[in-house]
Every structure is written in structure tokens, then in C-alpha cells.
Number of protein chains: 2
Amino acid sequence: MTYEFWYWNGIPGRGEFVRLALEAGGIPYRECAREPGVDASDLVADMRADRDSPPFAPPYLVAGDMTISQTANILLFLGERHGLAPSDLAGRLWINQIQLTIADMVAEAHDVHHPIASGLYYEEQKAEALRRASDFRAQRMPKFLGYFERVLARRGDWIGGGGRWTYADLSLYHLVDGLLYAFPRRMTTLARDHPRVMALHARVGGLPELQAYLGSGRRLPWGDGIFRHYRELDGD
Amino acid sequence: MTYEFWYWNGIPGRGEFVRLALEAGGIPYRECAREPGVDASDLVADMRADRDSPPFAPPYLVAGDMTISQTANILLFLGERHGLAPSDLAGRLWINQIQLTIADMVAEAHDVHHPIASGLYYEEQKAEALRRASDFRAQRMPKFLGYFERVLARRGDWIGGGGRWTYADLSLYHLVDGLLYAFPRRMTTLARDHPRVMALHARVGGLPELQAYLGSGRRLPWGDGIFRHYRELDGD
């Protein structure tokens, strides 16, 4: 079965966490919103179609009769179905827990540049963004990265332990990649105290399973999505 | 087995979503941070203990050898283990999806009064909170509540369909309860267009399984947690 995957075109966004799992897992999928003649209004129409389990927002995955949404939930499904996470109960819950913690940091990284409203431009909330960015850099980045560092110190090369990556490793790679893009100065400082996190970023970036994807046009560049680079929001 | 449940004492917080599932499911648990002689520093010490799956933050549940954290992840576990969600794949994922959407709205409801930093007082970010509250009331509340209304229109009395509540129904009850406390004027207006959501709130509040708990001192009152009532942040 080829999955139908739906996410806004033009940005990596939350869809990229799903895409990395699909690509690294060698799982066939259609990127529906990037097919010829399809635009954002088609995505909205599809999302609003009458179905048993309607999504609140993209990304979502159509898998036969099922429509599955919420990034961590899609990954939970793919992890179980395609062996991208441990199959035992403790291992499954652990990988889901880390994915949800990554999702929390992703939401905060977004709110750095949009602390007031998603519907307003950055320029309309820049003063507030400066304040929030200062707290994010000083308090939140060390707290989250310190936690992931501690996890890897305990577990070894991969979050799940054992000798293989899970979907949470792919997600942590993408999170760190986004932080490096959005906060290059701050990450230069923080990298020194988080060698295991940085090594995981390099390790996933070098996975043979991902090379074709990372070198393809399907991997969209960073831009105006969740992770944005504004010089004034970065700092040592 | 009696679970050990850990969450900050003094506020309902995110812990309350887990507590409602434990109580409505008749599942034995210890509320560790409320036991005599235990204070917040004990919680922090326990949380930082060396273990295989350390929590990033409370709430967390110790179940024998496993430590499970992230609210939605704890509920996923309890749902499977104690029949608080459908057992088939599509049903399990659906309830998790709704729980994650509820969690998204909970995070936004918190950020209404703390849009800049959790570590600052409300009074230090009141100007920003006024702006964020205005967007939350106008855009986000109708968007989320409209989604839940649509879900119930499709599924019937309970989110999972069928004749029984799931943990996501309990969580939606608690979310609506928090919104009614924090935004009484706005909710008076919105209640008119969301009769199914309000009926679910009443239905869960009347569940026989919950009466002993809701009437007990264990159900903490609203206060200075995620849902806070500031008159200036509410409006029609």
C-alpha cells in the first residue's frame, strides 16, 4: 500500500518529521500536496472531507481506511507498522515520550518568532519575539538540549538503545538541524556542552538510508516555517 | 500493582488529565507528591534519579520497572492496559490523536497568560498577554471548539463512538472545565454554537465513576496553574 501523505507545500514544517521516517524506512508514499495541479486549497478541501477521524491540521496520512493525524501519532503508527521503533511496550512508550518532548520544543521554537498570534506577521510581534527569544536561548534551549544529552549518555548512540535508529532519532536530528539554522550563534556555544546531541545529529545526517533523500529536491530548504533565522533573535 | 503517580502538588495542572483517567478507571495509585512529608524538592530529586527512561517534566507514572512521562503517553499506556480506549488500531490512534489536539489547546491556554516566559510572573508579561488573549479568544477558541464539535457530530455521544467514554472524553471535559473557569464570558458566547461539546462536558461531569473523586479534596480547585482567570484576558 502506498500511503497518501498531506502537508503544506513550500516549507519542511511538522511534515518533515513524518517525511524523514518514510524516507529512512524506505516506505512508499505520495506527497499529495506537491503533485501537479494541486494547491493549498485542495489540501484544505481534502482535510475537511467527511471522514471518521478528521484531522485538526496537517500533517496527516491516509492509510487505506484510516486517516491519521498529529505528527507524533503518525510516527507511532509508522514505528509499529514498519519497525521504526522497538516493538516491546516499554520501548514503544519511551520513543513516543521522546517524540512528544521534541514536539514540545518544536512548538516553543515556533513561538519564539510568533509569540502573540500565528495569523500575524513576525513584524507585527517583533518586540514580543525579542523578549521570548531571550528566554528561549537562556532557559529553554539548555533545558531541552541538556535533557537529550542526558538521555544519550544513558542510552548510547541511539535514543532507543540497541544498535539501531528509531523515528525519534530522526526527529531529534531534524530538531537540531532547525536550531542550527535558526540560532547559529547560540548553537555554537551550546554545542560544546552537548557533544552527544551534536554527534547524533551528524550520525543521522550520515545514514545511508537518508542520503538519496537529503540530496534530493524533496528535502526542502529551511525558510519561513517553524524554524526561522532572524539575526536579532539569535545571540551567544 | 499500585502505580506511583508524580505531579506538582497544589494545582490540577497537566497531572489532572492522568488523575481523571486513574479515578474514572478505578485504578489504584499513590499520589506521591501529596504524601505526608513530601515536597517539591522530593519530586525533583525523584525525577532526576538515574533511570532508563527519565522524564523531562512531571507528570510521570512509575509502573513497576517502567517510568512513563508525557501526559498523552501516560494516557496511551493506561488506555491500553485498562481498557480506557478502543483496543483496535484505528480506535487507539484516533483517541491518541484527539488527546494530542487537546494537549495543543492546553499549551495555548497556558501561553495566553505566559506568552513570553514561564519563569516570569504574569505581571511581567501582562501587555503581551492582553494581545495574545485577544487572538486566543477570537481565533483559537472557535477553531479548537469547532473541531471538537464536528468530531462529536460525527461520532455521537463519545469521541470514540460506541457506547462508552474514553480517556479523551475525560480530557475534553477537563479542558472545557478549565476554559469555563478562565474565560467565563467568552465561553458563554461560544457555548451557544458548540452544544455537543457542552453536553459532553455535562455528561462526563455526571459520570457515576467520577462522583466520589469530583466531590473529594483530591480534585484540586482551579487557581494558578495552566488555566487562570484574569478578568482583563476574558471578553465576549
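About the cut-offs
- Per chain, residue numbering runs from 1 following the sequence as it is written.
- Here chains are named by letter from A upward and ligands by number from 1 upward, in the order in which they appear as written.
- Local features are withheld for residues below a pLDDT of 70 in this predicted model, meaning they are given only at 70 or higher, and side-chain atom pairs are given and counted only at 80 or more; totals for whole chains, interfaces and linings count all residues.
- Only heavy atoms go into the side-chain values, all of them from the structure, while hydrogens and water stay out.
- Following DSSP output, two strands are said to pair if at least two bridges run between them.
- Secondary structure elements are defined from DSSP: runs of H or I of at least 4 residues count as helices, runs of E of at least 2 residues count as strands, and each element is numbered from the N terminus.
- Orientation is described by axes fitted as lines to C-alpha atoms, over the contacting stretch for helices, and by angles from 0 to 180 degrees between their N-to-C directions.
- Two residues qualify as a contact provided that any one of their heavy atoms is within 4.5 Å of a heavy atom in the partner residue.
- Whether a residue is buried, partly exposed or exposed follows from its accessible area with a 1.4 Å probe, protein chains only, as a fraction of its type maximum: under 20%, in between, or over 50%, in that order.
- Polar contacts, as used here, are pairs of N or O atoms within 3.5 Å; protein pairs need one atom able to donate a hydrogen and one able to accept it. Residues neighboring in sequence count only if both atoms are side-chain atoms.
- Method remark: on a 1 Å grid restricted to protein atoms, a set of points is classed as a cavity if a 1.4 Å probe fits but cannot get out and as a pocket if it is open with protein on both sides within 12 Å along at least five of seven lines; lining residues have an atom within 4 Å of a point.
- Grid points are joined across faces, edges and corners, and a volume is the space filled by probe spheres set on the points.
- Just so you know the grouping, Ala, Val, Leu, Ile, Met, Phe, Trp, Tyr, Cys and Pro go in nonpolar, Asp, Glu, Lys and Arg go in charged, and all remaining residues, Gly too, go in polar.
- When two parts are brought into contact, each loses some accessible area as probed by a 1.4 Å sphere; the total of that loss over both is the buried area.
- Every case where a carboxyl oxygen of Asp or Glu lies within 4 Å of a side-chain nitrogen of Lys or Arg is listed as a salt bridge.
- The split of the chain into domains comes from an automatic or database domain assignment.

## Observations concerning the sheet that holds strand β4 (residues 66-69) of chain B
Residues and elements named next belong to chain B. Spatially, the four strands line up as an open sheet ordered β2-β1-β3-β4, and their pairing is mixed. Looking at which strands have only one partner, the edges of the open sheet turn out to be β2 (29-31) and β4. Recorded for the sheet is a direction-independent mean angle of 20 degrees between the axes of neighbouring strands. Here strand β1 (residues 3-6) pairs with β2 via three bridges, running parallel. Looking across to β2, one finds that E4 is bridged to R30. Those strands touched by helix α1 (residues 15-24) are β1 and β2, and its axis lies near 155 degrees from that of β1.

## Details of the side chain of R51(B)
Relative to the elements of secondary structure, R51(B) occurs in the loop between α2 (40-47) and β3 (60-63). Classification of R51(B) by relative accessible area gives buried; the value is 16%. One polar contact links the side chain of R51(B) to the main-chain carbonyl oxygen of D46(B), over a distance of 2.6 Å. Reaching out from R51(B), the side chain makes a polar contact with the side chain of T67(B) at a distance of 3.0 Å. In contact with R51(B), not counting residues within four places along its chain, are R154(A), D46(B), Y60(B), V62(B) and T67(B).

## What to know about the layout of surface pockets
Empty space within the second largest pocket amounts to approximately 220 Å³. Together, 17 residues line the second largest pocket, and D52(A), S53(A), M66(A), A90(B) and R155(B) are the ones closest to its centre. Top contributing element to the lining of the second largest pocket by residue count: helix α4 (residues 89-113) of chain B, with five residues. Across the lining of the second largest pocket, the residue classes break down as six nonpolar, six polar and five charged.

## Here we look at the interface of chain A and chain B
Each partner contributes residues to the interface: chain A has 50 residues there, and chain B has 50 residues. Between chain A and chain B, the buried area comes to about 4300 Å², and carbon and sulfur atoms account for 52% of it. Per-residue buried area on chain A facing chain B is highest for F56(A), R131(A) and R154(A); these three make up 17% of the total on that side. Linking chain A with chain B are 10 salt bridges, by the criterion used here. Between R154(A) and D50(B) there is a salt bridge; the shortest N-O distance is 2.9 Å.

## Here's the deal with the pairing of β3(B)
All names here are of chain B. Side chains of β3 alternate between two faces, with Y60 and V62 and L61 and A63 buried alike. Where β1 meets β3, three bridges bridge the pair, whose relative direction is antiparallel. Following the sheet pairing, E4 is matched in β3 by V62. Pairing analysis gives four bridges linking β3 to β4, with the strands arranged antiparallel. By the bridge assignment for β4, L61 is matched with I68. Between β3 and β4, which pair antiparallel in sequence order, lie two residues; one of them, G64, sits at a positive phi of approximately 65 degrees.

## What about the sheet that holds strand β3 (residues 60-63) of chain A?
Hydrogen bonds along the backbone pair up the strands of a sheet, which may run parallel or antiparallel. Residues and elements named next belong to chain A. Taken together, the four strands give an open sheet; going across it, the order is β2-β1-β3-β4, and neighbouring strands pair in mixed fashion. Every other strand in the sheet has two partners, leaving β2 (29-31) and β4 (66-69) as the edge strands with one partner each. Recorded for the sheet is a direction-independent mean angle of 20 degrees between the axes of neighbouring strands.

## Quick notes on the domain arrangement of chain A
All names here are of chain A. Taken domain by domain, chain A comprises domain 1 (3-82) and domain 2 (89-233). Here domain 1 and domain 2 have C-alpha centroids that lie 21 Å from each other. Of the residues lining the interface, 21 residues belong to domain 1; the matching set on domain 2 comes to 25 residues. Taken together, the two surfaces of domain 1 and domain 2 that pack against each other cover about 2000 Å², and 70% of this comes from carbon and sulfur. Inspection of the region where domain 1 meets domain 2 yields three salt bridges. Between R218 and E23 there is a salt bridge, with its nearest N and O atoms 3.0 Å apart. Between domain 1 and domain 2 we count five residue pairs in polar contact (both at pLDDT 80 or more) in total. For the side of domain 1 that touches domain 2, the secondary structure elements donating two or more residues are α1 (15-24) and α3 (71-82). The biggest single contributor to the side of domain 1 that touches domain 2 is α1, with seven residues.

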